[in-house]
Structures are given as structure tokens and as C-alpha cells.
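The primary structure of each chain is shown beneath.
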2 protein chains.
Amino acid sequence: MLDRRNHHVFQPLLYQVAMAALSPGDIASPIRWILRRQKNVEVLLAEARLIDPKRQVVILTDGEISYDYLIAATGATHAYFGHDDWRPLAPGLKSLEDALQIRRRVLMAFERAEREPDAVRRARLLTFVVIGAGPTGVEMAGALAEISRQSLARDFRHFDPGSSRIILVEAGPALLAAFPAPLQKAALTDLQDLGVEVRLNSIVTDVLPGRVMVRDGAIDAETVVWAAGVAASPLGASLGVPLDRAGRVEVEPELTIPGYRNVFVIGDLASLDDERGKPLPGVAQVAIQMGRHAVRNILRSIEKQPMRAFRYKDLGNMATIGRASAVADFGSFRLTGYLAWLAWLFVHLMNLIGFRNRLLVMVQWAWAYVSYQRAVRLITGDEPPPAP
Amino acid sequence: MLDRRNHHVFQPLLYQVAMAALSPGDIASPIRWILRRQKNVEVLLAEARLIDPKRQVVILTDGEISYDYLIAATGATHAYFGHDDWRPLAPGLKSLEDALQIRRRVLMAFERAEREPDAVRRARLLTFVVIGAGPTGVEMAGALAEISRQSLARDFRHFDPGSSRIILVEAGPALLAAFPAPLQKAALTDLQDLGVEVRLNSIVTDVLPGRVMVRDGAIDAETVVWAAGVAASPLGASLGVPLDRAGRVEVEPELTIPGYRNVFVIGDLASLDDERGKPLPGVAQVAIQMGRHAVRNILRSIEKQPMRAFRYKDLGNMATIGRASAVADFGSFRLTGYLAWLAWLFVHLMNLIGFRNRLLVMVQWAWAYVSYQRAVRLITGDEPPPAP
């Protein structure tokens with residue numbers, strides 16, 4: 001098991017670290033600890049640079065490792081659609097470091113507002129733009145609204161945090177594109193009730209320091225979060241097989257790559273259509289099921305049995321908007337509001353790794369529900385505080 | 001309330017963050033949140049650069065603030081006794097950033113050892129030196145021994161973490177200098193039982209990359225932690241009044257500075273002798289009591305009453321060595337072992353701020369006691385991984 005990080009992060013709750021509700025340690029576990037009982041597994045902290053399927057080696061930044069079978073699951077990263085200069089101005093959310101950076105920027109904006117005598121500049125500090133209204137964008141916009149309206153309500157003396165503007169900008173005609181229309185509508189209403197301004201059909205044309213340009217005008221905002229595009233990890237390109245438009249590896253139905261029956265690509269790095277010809281979504285469920293399937297195919301291959309085609313079993317789709325508010329689509333039935341939120345809490349708690357993390361997250365959610373607080377409001381890290 | 005950080009850290013548990021037992025959010029609280037109900041308190045995130053008692057202003061890095069009364073409590077920082085080049089090689093433990101850096105270095109040493117084929121280099125990676133055997137040094141050495149002997153026992157495939165060497169280097173003739181001799185002896189025995197090599201009367205003459213020079217030889221060690229010296233914050237020097245050898249402000253018995261009855265200096269920044277002529281120690285109890293006393297004297301001054309001299313009430317002294325092992329000196333009676341450890345747990349839990357943090361820390365301590373694990377073993381932060 002090669003990973004350039006020593007920990008596994010439960011991505012669906014990463015936004016709660018960015019939004020000061022949970023600590024990094026609550027949603028992450030050391031990979032070695034997860035695999036400590038598998039004595040035949042070796043965990044190495046290493047960064048893969050290239051895969052050479054002909055020589056059957058993974059080339060690291062500091063050496064190489066040969067394999068009999070390989071599963072590549074390096075996932076996706078942010079994509080700025082060719083505007084890499086937007087990256088430092090509008091950070092995305094993929095790692096714990098990203099989450100702590102967003103947390104620092106959001107909290108620092110409020111701190112600077114407290115010391116800002118100029119009303120125009122203060123308004124810019126109190127405007128937060130989230131670009132992209134998929135589940136992560138919706139969750140962050142909802143959380144930002146709750147932070148400003150609830151958690152910080154009593155904390156400042158020179159402005160009302162409730163006057164903050166949270167603007168969710170989406171290029172498409174609806175938020176939560178993967179959900180059925182009634183749930184999109186429910187999520188929109190809930191977000192607006194929280195005080196989020198949702199701008200649909202609104203394409204971002206530029207991100208500048210302190211300003212986001214959208215096609216129909218400019219938004220003055222100090223803090224911008226990117227939740228719009230993902231691109232596959234560059235490792236896929238080194239395989240020398242066809243990629244799709246987002247850089248994902250077009251895998252065979254067995255999850256192997258063309259020409260190599262011992263190299264599997266899964267998760268966000270893989271591109272595969274379901275039986276109806278629709279591409280599989282880049283969600284955790286697909287990655288988890290692909291992982292299991294790849295392992296089964298390796299075992300079948302070792303036993304000289306034919307590999308089987310992957311079939312995705314869609315277990316449903318959920319997104320949370322805020323306190324007691326979520327949408328859940330289980331195909332045969334749909335939930336909104338409080339019930340959907342309870343389902344979301346349950347599913348996410350159960351999918352955390354280890355009893356300790358489940359217990360800690362549960363305790364903190366219960367405390368937050370009672371207190372309306374977000375306790376992990378720490379500005380940490382060595383980024384110098386921006387000049388006021 | 002001016003602070004250059006937005007959070008208050010409960011320093012006595014900071015080593016548990018460095019040793020991967022707790023998350024930063026468990027021992028820190030936003031200052032605004034602590035003071036949210038005091039409507040007449042204004043919290044500002046700002047860094048004080050100088051104090052000008054003549055003009056009655058605090059000069060910030062970005063502006064200045066005038067005062068009627070001032071309490072300076074900027075504490076202490078690491079002192080390297082004139083060897084500031086040791087600082088990057090042997091980080092100390094004062095802030096959350098320091099703790100995360102030490103955590104990263106300790107965990108990274110084990111990760112690099114797993115990939116190190118050379119036995120000599122691997123031994124250097126698995127040698128940890130703690131310089132200074134005060135409470136923090138003792139606590140860290142004990143925790144490092146537990147990490148290597150217990151928490152990581154099943155995690156590696158190419159070496160036995162139990163073969164790690166933990167060396168506690170102390171210049172003086174005893175560890176825990178502030179404690180009575182029988183407790184020093186108990187702590188020494190407990191540390192040695194954990195497998196810590198304690199070197200007393202051992203003066204560090206140089207810290208080099210991968211090597212610590214002590215007077216009687218060299219120790220090859222990749223990871224070095226500094227727990228030896230503290231120096232007062234440089235803010236005290238700007239007051240223009242006499243300082244002691246460690247740079248602390250020599251305060252009047254009322255905690256004011258000579259010549260200014262409206263400027264108070266407290267905590268680690270203040271130098272004051274008790275009634276027997278012994279200098280007050282730089283511990284939390286002194287700082288907390290001084291804080292209360294300074295406020296009372298300000299109120300008395302406003303009411304035109306004479307100020308009162310500060311008297312320290314010593315509530316006792318504790319240090320923990322590890323699991324079920326601590327020493328506690330309450331003057332009239334002393335505890336060691338399990339009982340001292342329970343007392344330590346209780347006192348530290350009660351002194352945390354807020355119900356949430358108390359509950360979270362208690363849950364994690366209970367889990368760690370049962371599992372022998374340290375769950376927050378995350379290598380995070382943007383320091384580039386050192387070349388193997």
C-alpha cells in the first residue's frame with residue numbers, strides 16, 4: 001500500500017473540518033493503524049510519479065517498486081479549467097491541509113472585519129463566495145450561513161456577523177445536478193431560508209484578489225472557495241492508455257486497462273459507463289465498490305478463472321444543507337428536511353473508520369446541535385496574517 | 001483583550017497534541033467564544049510590538065491602542081542559551097504549530113525508518129532525544145516511549161518500533177528540579193521502566209543535523225525536542241524597567257511596574273519573589289492567581305483604595321510520566337503511581353475550558369487507556385518530507 005500521506009481521510013466530512021465543526025483527527029485515521037492486523041500488508045509512505053505497465057514498476061519520487069498486480073486509486077484533484085492562477089485565490093477542498101487553509105481564511109475574514117473601520121472594505125470581508133453547487137458547495141454555503149448567523153452571533157462588537165453575505169455561484173441551471181428536480185428544489189429553498197444567495201446559470205469568468213467576476217457582474221468578496229471542477233490525478237496519463245476529457249483512464253468493464261490484465265484503475269481516476277451508457281459518478285460509493293471488485297478479480301485471475309465485469313449498485317445519494325436539513329435520494333423513495341438529515345448523520349457516522357472516530361464525531365455533533373456552536377474555530381498554520 | 005492568536009491553548013496538555021494523543025481543537029478554545037457573554041470586552045486579533053507606558057499606548061504591528069490600565073501577560077518563549085541555530089533542529093513546545101511540527105517529525109522518523117535499508121541510518125531515525133527534564137521533557141520522553149513500545153507495536157514490517165531509543169538529557173543532577181527528592185526518584189524509576197535512558201548531569205554542547213553533542217560524547221539522533229530553557233517574551237524589555245536574567249520584568253509586590261501604577265505584568269513575563277525570598281515558578285497556577293490579583297488591584301485603584309501585595313498560594317505540583325504513572329506534590333502529602341495519575345487526570349480535565357473539551361478529552365483518554373493507541377497520528381502540514 002503506497003500513499004504519499006500517512007492517513008486516510010473520510011472525504012465526505014472534510015467540509016466539516018473546513019467549517020470548524022470537527023478536528024482533522026476526527027475524520028482521519030493512520031493507514032498503518034487501519035491495516036495493522038493484516039500482517040501481509042506493507043504500508044509505505046511514498047509518492048508515485050509514474051506507472052510503467054511494460055516493466056511492471058511504479059516509479060516513485062525516490063525509487064521504484066515492482067508489482068505483479070497493481071490497483072491505481074489516486075483519485076482526483078481540483079480543476080480550474082485552465083485558470084491555474086485562480087488556485088491561490090479560490091482554494092479547493094481535497095486534503096486536510098486544504099480544509100485548514102479554508103478554515104483559516106474564513107475565520108480571518110471575520111477577525112479583520114472587526115478591526116476594519118471602512119464600511120465598503122468590511123462588506124467585502126463579510127462576503128463569501130462558493131463556486132460550484134455540487135454537494136460540497138452546497139454543504140459549505142450552508143455551513144457558512146450557519147457560522148455567521150448562529151455560531152458567531154455574540155462574538156463581535158463592531159459589526160453584526162448576521163449581515164454577512166454568502167453567495168453560491170453555479171454555472172448550470174440547477175444545484176445538486178445529480179439529484180432529481182424535487183430534491184434540488186427542496187435544497188434551494190433550505191439554502192435560501194438560511195440566507196444563502198444562490199445564483200444559477202452564473203458562469204465565473206475571472207477570480208481576482210477581492211473580487212469574483214461572473215458573466216452578469218462582479219462580486220466583491222475577500223473569501224472565495226472553489227467547489228466546481230475536478231480533474232483526475234496526473235498518474236493516469238503515465239499509463240499510456242486512452243483518457244477521457246477529464247483525464248480519467250477509460251477502463252475495461254473488468255476495471256483493468258487496455259492491454260494489461262494486471263493493472264486496475266478504480267475510483268475517481270477511472271472512467272466507466274454503467275449498463276445504460278451513462279458515466280459512473282465520481283462518488284465514494286463507486287470507488288468503494290470498485291475497490292472490492294478489483295480485489296475479487298485479482299483473486300480470480302490468480303486462480304486462473306475469468307474476470308468479471310463491474311456492476312455498480314447505486315445505494316443512493318445524499319447531501320446536507322445544514323442543521324436538520326438535507327436531501328436524500330434512494331431511487332425508490334426520497335427524503336428531505338429532518339428525516340433526510342437523520343439519515344445523512346447515520347450513514348456518515350457508520351462509514352467513519354473505527355469506533356473512536358464515530359464516538360467523537362457523534363459527541364461533537366450532539367454538542368453542536370444543542371449549542372449552535374462550532375468549537376474548532378482555530379486560526380492555525382504559518383501563513384502570515386494578511387495586512388488589514 | 002489583544003492576542004496575536006484567536007485561541008487560548010491549555011498549555012499543560014500541549015505535549016499530548018505533539019504526542020498524537022489529542023487534537024488541537026480539544027485543548028484550545030476561541031478567545032471570542034470564551035468571552036462572548038462579557039459584552040464590555042472587546043477581543044482583537046493583533047500583535048503587540050512595544051508598550052509605551054509614558055504615552056499609555058500599546059504599539060501594534062499595525063497601529064496602536066491606548067489604555068487606562070494595562071495587564072501584560074505575553075509569557076515566555078524557548079531559549080536556546082545563545083544558540084539560535086539549534087532552534088530548527090530541536091523545536092520547542094509553546095504553540096499548537098510547535099506541537100504539530102513535533103508530531104510530524106516524530107511520525108516521519110518512523111515512516112522513514114520503514115523504508116531505510118541501512119541499519120546505522122535506521123538506528124539514527126529511531127533515536128529520539130529530549131533535552132531538558134522538567135515536567136514537559138519528562139512527559140514527552142514518557143510519551144515517546146509509550147508510542148514506540150505500545151501504540152506502534154503492530155504497525156511496521158521492517159523493524160521493531162520497540163527497539164527505538166528515547167534519551168532524556170538533563171544538565172542538572174536530577175529530573176523535575178521543582179519536586180522533592182522522593183518524587184524525583186519515583187519519576188526516574190517509572191521513566192526507566194518505560195525504557196527511557198535518562199542522562200543526568202549531561203550538558204548539551206551542540207545540536208547538529210542528526211547528532212546531539214553532550215559533554216561526554218555524541219548521540220546520533222534524527223529527532224530532537226527542546227524542553228530546556230525559557231526566556232520571557234521580548235515585550236517586557238520595551239517597558240524600560242529592570243529585567244531579571246531571563247528577561248522577565250521585576251514587578252512590585254502589587255504586580256505593577258516601577259513608576260507606573262497602571263501597568264501590571266503577570267505570569268511568565270513577571271519576576272517576583274515569594275515571602276521567603278524564593279522566585280515564584282513559571283507555572284500556570286502562579287499566572288492564574290496573578291491575573292485575578294491584578295484585576296482586583298485595578299478595581300481597588302479605581303475605587304481609590306490602596307493596592308494589595310500579591311501572595312502566591314501553592315496548590316501543588318504535578319507531572320505525569322505515562323500510563324498510570326505520575327508524581328504529585330501537595331506539600332502536606334505526596335502521591336506517586338496510579339493515584340497520582342488519577343489526580344493528574346482529574347485536575348487537568350477540570351482546568352480545561354468548557355464542557356465540550358472536557359468531555360472530548362475524557363472520551364479520548366478512556367479510549368487510549370483501553371486501546372493503548374494514539375489516534376491522532378497524522379502527518380500534516382506543508383513542510384516538504386525530508387529526503388530519505
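Scroll up to find the structure.
Think of each chain on its own: its residues are numbered from 1, step by step along the sequence as written. Labels are handed out in written order, letters beginning with A for the chains and numbers beginning with 1 for the ligands. Totals for whole chains, interfaces and linings use all residues, but because this is a predicted model, local features are given only for residues with pLDDT of at least 70 and pairs of side-chain atoms are given and counted only at 80 or more. Only hydrogens and water are set aside; all other atoms, that is, all heavy atoms of the structure, feed into the side-chain values.

A short note on the overall build of chain A
In step 1: Looking only at helices and strands, one finds 10 helices and 24 strands in chain A.
In step 2: Our radius of gyration is a C-alpha quantity, and the globule rule it is checked against amounts to 2.2 Å times the number of residues to the power 0.38. A compact globule built from 388 residues should have a C-alpha radius of gyration of about 21 Å, and chain A, at 22 Å, falls within 12% of that.
In step 3: On the principal axes, the C-alpha backbone points of chain A span a range of 70 × 45 × 45 Å.
In step 4: Taking all 388 residues of chain A together, the buried fraction comes to 53%.
In step 5: Working rule for contacts: check all heavy atoms of both residues, and any pair within 4.5 Å makes them a contact. Counted over contacts in chain A with a minimum sequence separation of 6, partners at least 24 positions apart contribute 61%.
In step 6: All accessible areas in this document rest on Shrake-Rupley with a 1.4 Å probe, and a residue is counted as covered only by the protein chains that are shown. Accessible area for chain A stands at about 17500 Å²; split by element, carbon and sulfur atoms hold 54% of it.
In step 7: For this count, His and the chain ends are skipped, Lys and Arg are scored as positive, and Asp and Glu as negative. A single reference atom marks each charge: NZ on Lys, CZ on Arg, CG on Asp, CD on Glu. Within chain A, the 41 negative side-chain charges are centred at a point lying 4 Å from the centre of the 45 positive side-chain charges. Labels follow the DSSP assignment, with helices taken as runs of H or I lasting at least four residues and strands as runs of E lasting at least two, numbered in each case from the N terminus. Residue exposure (1.4 Å probe, protein chains only): buried if accessible area is under 20% of the type maximum, exposed if over 50%, otherwise partly exposed.

Structural notes on the packing of aromatic side chains
Residue and element names in this part refer to chain A.
In step 1: To pair, rings of Phe, Tyr and Trp, with the six-membered ring standing in for Trp, must have centres within 6.5 Å; the planes then decide the type, stacked if under 30 degrees apart, edge-to-face if over 60, and tilted in the middle. Summed over all chains, the structure comprises 20 aromatic pairs over all chains.
In step 2: Joined through ring pairs, the aromatic side chains of Tyr80, Phe81, Trp86 and Trp226 make up one cluster.
In step 3: Either the NZ atom of lysine or the CZ atom of arginine qualifies as a charge over a ring when it sits within 6 Å of the ring centre and within 35 degrees of the ring normal. Sitting over the ring of Tyr369, Arg323 keeps its end group 4.2 Å from the ring centre.

Topic: the sheet that holds strand β6 (residues 57-60) of chain B
All names here are of chain B.
In step 1: If you trace the three strands from one edge of the open sheet to the other, you get β5-β6-β7, paired in antiparallel fashion. Strands at the two margins of the open sheet, each flanked by one partner only, are β5 (48-52) and β7 (63-66). Averaged over all pairs of adjacent strands, the angle between their axes in this sheet comes to 20 degrees, without regard to strand direction.
In step 2: Two strands are counted as paired when DSSP detects at least two bridges linking them. Bridge count between β6 and β7: four bridges; the pairing is antiparallel. The partner of Val58 across the bridge, within β7, is Ile65. To get an axis, a line is fitted to the C-alpha atoms, and for a helix only the part in contact is used. The angle between two axes follows their N-to-C directions and goes from 0 to 180 degrees.

Examining unusual backbone geometry
Residues and elements named next belong to chain A.
In step 1: Phi at Phe81 takes a positive value of approximately 50 degrees, unusual for a residue other than glycine.
In step 2: As for its position among the elements, Phe81 is in the loop between β9 (76-79) and α4 (96-114).
In step 3: Here Phe81 falls in the exposed class, since its relative accessible area comes to 56%.
In step 4: Backbone geometry at Tyr372 places phi at a positive 60 degrees, although glycine is not the residue there.
In step 5: As for its position among the elements, Tyr372 is in the segment after α10 (355-371).

Section: α10 of chain A
In step 1: Expected helix span is computed as 1.5 Å times (number of residues minus one). Spanning 17 residues, α10 of chain A covers 24 Å between terminal C-alpha atoms, matching the ideal 24 Å at 1.5 Å per step.
In step 2: Three or more residues of α10 of chain A are buried, namely Arg356, Asn357, Leu360, Val361, Val363, Gln364, Trp365 and Trp367 of chain A.
In step 3: At its buried positions, α10 of chain A is contacted by α1 (14-18), α2 (24-27), β3 (28-30) and α9 (337-351) of chain A together with α3 (31-34) and α10 (355-371) of chain B.
In step 4: Phi turns positive one or two residues past the end of α10 of chain A, at Tyr372 of chain A, with a value near 60 degrees.

As for the relation of the copies chain B and chain A
In step 1: Superposition of the copies used a least-squares fit over C-alpha atoms from residues whose pLDDT is at least 70 in both. Superposing chain B onto chain A takes a rotation of 180 degrees plus a shift of 0.0 Å along the axis, which leaves an RMSD of 0.0 Å. Here the copies are linked by what is in effect a two-fold axis.
In step 2: Of all interface residues in chain B, 100% are interface residues in chain A too; the two copies therefore contact each other through one and the same surface.

What about α9 of chain A?
It helps to recall that an α-helix has 3.6 residues per turn; residues three or four apart then point in one direction.
In step 1: If you check α9 of chain A, its first and last C-alpha atoms are 21 Å apart, about what 15 residues at 1.5 Å a residue would give, namely 21 Å.
In step 2: Among the residues of α9 of chain A, those classed as buried are Gly337, Ala340, Trp341, Ala343, Trp344, Leu345, His348 and Leu349 of chain A.

Observations regarding the nonpolar core
In step 1: We define a nonpolar core as any set of buried Ala, Val, Leu, Ile, Met, Phe, Trp, Tyr and Cys residues linked to one another through side-chain atoms lying within 4.5 Å. If you look at the biggest cluster of nonpolar residues, it comprises 67 residues, and the most contacted ones within it are Met19, Ile27, Phe110, Leu168, Leu175, Leu191 and Val327 of chain A.
In step 2: If you tally residues by element for this core, the top one is α4 of chain A, at eight residues.
In step 3: Among residues more than four places away in sequence, those in contact with Leu175 of chain A are Ala133, Val138, Leu168, Gln184, Ala187, Leu188, Leu191, Val198 and Leu200 of chain A.
In step 4: In terms of nonpolar packing, the next biggest core, distinct from the first, is built from 66 residues, Ala113, Val138, Met140 and Leu152 of chain B among them.

Points about the interface of chain B and chain A
In step 1: Each partner contributes to the interface: chain B provides 52 residues, whereas chain A provides 52 residues.
In step 2: The junction of chain B with chain A conceals about 4800 Å² of combined surface from both sides, 55% of it contributed by carbon and sulfur atoms.
In step 3: The largest per-residue losses of area from chain B upon contact with chain A belong to Arg32, Arg115 and Arg356 of chain B, which jointly make up 16% of the total buried on that side.
In step 4: Counted as salt bridges are all cases of a side-chain nitrogen of Lys or Arg within 4 Å of a carboxyl oxygen of Asp or Glu. Our count for the chain B to chain A interface comes out at four salt bridges.
In step 5: The residue Asp62 of chain B makes a salt bridge to Arg115 of chain A at a minimum N-O spacing of 3.2 Å.
In step 6: Broken down by secondary-structure element, the contributors of at least two residues to the side of chain B that touches chain A are α2 (24-27), β3 (28-30), α3, β4 (44-45), α4 (96-114) and α10 of chain B.
In step 7: Here the element with the most residues in the side of chain B that touches chain A is α10 of chain B; it accounts for seven residues. A quick way to say it: buried area is the sum, across both parts, of accessible area lost when two parts are put together, with a 1.4 Å probe.

Comments concerning the environment of Arg215 of chain B
Residues and elements named next belong to chain B.
In step 1: Mapped onto the fold, Arg215 is located in the loop between β14 (211-214) and β15 (217-220).
In step 2: Distance in space between the C-alpha atoms of Arg215 and Val204 is 6.4 Å, their sequence separation being 11 residues.
In step 3: With sequence-adjacent residues up to four places away left out, Arg215 is seen in contact with Ile203 and Thr205.

Points about a nonpolar patch on the surface
Residues and elements named next belong to chain A.
In step 1: Think of a patch as exposed residues, more than 30% relative accessible area, with no salt bridge, where like charges cluster within 9 Å and nonpolar side chains (Val, Leu, Ile, Met, Phe, Trp, Tyr) cluster within 5 Å. Taken together, the side chains of Tyr338, Leu339, Leu342, Tyr369 and Val370 present a nonpolar region at the surface, about 500 Å² in accessible area.
In step 2: Taken together, the elements giving at least two residues each to the nonpolar patch come down to α9 and α10.
In step 3: Considering each element in turn, the nonpolar patch owes the most residues, three residues, to α9.
In step 4: Here Val370 shows up in helix α10.
In step 5: In this structure Val370 comes out as exposed when scored by relative accessible area, which is 67%.

Some remarks on the environment of Ile51 of chain A
Residue and element names in this part refer to chain A.
In step 1: Checked against the element boundaries, Ile51 lands in strand β5 (residues 48-52).
In step 2: Between the alpha carbons of Ile51 and Val263 there is a distance of 9.8 Å; along the sequence they are 212 residues apart.
In step 3: The contacts of Ile51, once residues within four sequence positions are left out, are Val57, Tyr67, Leu70, Ala72, Leu235, Ser238 and Leu239.

Here we look at the environment of Phe179 of chain A
In step 1: In this fold, Phe179 of chain A is placed in the loop between β11 (165-169) and α7 (181-193).
In step 2: By relative accessible area, which is 5% here, Phe179 of chain A ends up buried.

With respect to the packing of helix α9 (residues 337-351) of chain B against α10 of chain B
Residues and elements named next belong to chain B.
In step 1: Contact geometry for α9 and α10: axes closest at 9 Å, N-to-C directions at 150 degrees. It follows that α9 is roughly antiparallel to α10 by the angle criterion. Contact residues: Tyr338, Trp341, Trp344, Leu345, His348, Leu349 and Met350 in α9; Arg358, Val361, Met362, Trp365 and Tyr369 in α10.
In step 2: Three classes are used: nonpolar for Ala, Val, Leu, Ile, Met, Phe, Trp, Tyr, Cys and Pro, charged for Asp, Glu, Lys and Arg, and polar for all others, with Gly counted as polar. Residues of the contact of α9 with α10, tallied by class, amount to 10 nonpolar, one polar and one charged. An angle below 35 degrees is read as roughly parallel, one above 145 as roughly antiparallel, one from 65 to 115 as roughly perpendicular, and any other as oblique.

Observations concerning the side chain of Arg32 of chain B
In step 1: Tracing the chain through its elements places Arg32 of chain B in helix α3.
In step 2: A residue is classified by how much of its surface remains accessible, and Arg32 of chain B, at 4% relative accessible area, is buried.
In step 3: At 3.2 Å, the side chain of Arg32 of chain B and the backbone oxygen of Asp155 of chain A are in polar contact.
In step 4: When near neighbours in sequence (up to four residues on either side) are disregarded, Arg32 of chain B contacts Glu111, Glu114, Asp155, Phe156 and Arg377 of chain A together with Val43 and Leu44 of chain B. In the analysis that follows, any N or O atom pair within 3.5 Å is treated as a polar contact, provided that within protein one partner can donate a hydrogen and the other can accept it, and provided that, for residues neighboring in sequence, both atoms belong to side chains.

Some words on the pairing of strand β16 (residues 223-226) of chain B
All names here are of chain B.
In step 1: The two faces of β16 match: Thr223 and Val225 on one face and Val224 and Trp226 on the other face are all buried.
In step 2: Bridge count between strand β10 (residues 127-131) and β16: four bridges; the pairing is parallel. Looking at β16, one finds that Phe128 is bridged to Thr223.

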